[in-house]
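The primary structure of each chain is shown beneath.
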Amino acid sequence: MAGFLLLTTLVAVLVPVGAAAVLGPIGFTLGYLGTRLLGLAPRQRRAIALETGIQNAPLALGIVVLRSLGPMPQEVLRVPLLCGVLVVPASAMIAVALRRTAA
């Protein structure tokens with residue numbers, strides 16, 4: 001019984017954190033690959049990739065807020081809020097990496 005409780009607690013904590021951690025980088029990657037498939041210039045690819053990755057957090061938060069009709073439990077907002085916090089350092093690291101490859 002204690003093992004099940006520990007497992008349930010770990011899943012409840014790690015799944016939202018994991019989802020929030022990968023949402024921005026997935027947006028960056030899909031934005032870059034999509035613009036590459038469209039044949040855009042490297043500067044345009046980088047700009048669109050950053051915008052795509054950064055916009056996911058407010059979009060997720062907006063969807064959750066608009067979808068809720070009643071009082072919203074804090075658990076529902078966990079992933080979008082974590083994503084909003086984690087996307088800032090992720091976008092800074094990606095911007096630095098893309099700047100180095102552009103030079």
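Up top is the structure these notes are about.
Residues numbered from 1 in each chain as written. Predicted model: local features only at pLDDT ≥ 70, side-chain atom pairs only at ≥ 80, totals over all residues. Heavy atoms only, no water.

(A) A look at the overall build of the protein chain. If you tally the helices and strands in the protein chain, you get 3 helices and 0 strands. For the protein chain, the succession of helices and strands along the chain, N to C, is α-α-α. A total of 103 residues make up the protein chain; the buried ones form 21% of that total. At a minimum sequence separation of 6, the contacts of the protein chain that also span at least 24 residues come to 61%. Of the roughly 7,300 Å² of accessible surface on the protein chain, 74% is carried by carbon and sulfur atoms. (Helix = DSSP H or I, 4+ residues; strand = E, 2+ residues; numbered from the N terminus. Buried < 20%, exposed > 50% of the residue type's maximum accessible area, 1.4 Å probe, protein only. Contact = heavy atoms within 4.5 Å. Areas by Shrake-Rupley, 256 points an atom, 1.4 Å probe, with all protein chains shown as cover.)

(B) The arrangement of a nonpolar patch on the surface in detail. Residues Leu 7, Val 11 and Val 15 make up a contiguous nonpolar surface patch of roughly 270 Å² in combined accessible area. In this structure, Leu 7 sits in helix H1 (residues 2-37). With relative accessibility at 52%, the residue Leu 7 sits in the exposed group. (Patch = residues over 30% accessible without salt bridge, like charges linked within 9 Å, V, L, I, M, F, W, Y side chains within 5 Å. Salt bridge = Lys/Arg side-chain N within 4 Å of Asp/Glu carboxyl O.)

(C) Fine view of the environment of Ala 20. With respect to the helices and strands, the residue Ala 20 is situated in helix H1. For Ala 20, a relative accessible area of 2% translates into the label buried. Along the chain, Ala 20 and Pro 80 lie 60 residues apart, while their C-alpha atoms are 6.8 Å from each other.

(D) Up close: the environment of Val 85. Here Val 85 lies in helix H3 (residues 74-102). Considering only alpha carbons, one finds Val 85 and Ala 20, 65 residues apart in sequence, at a separation of 8.9 Å.

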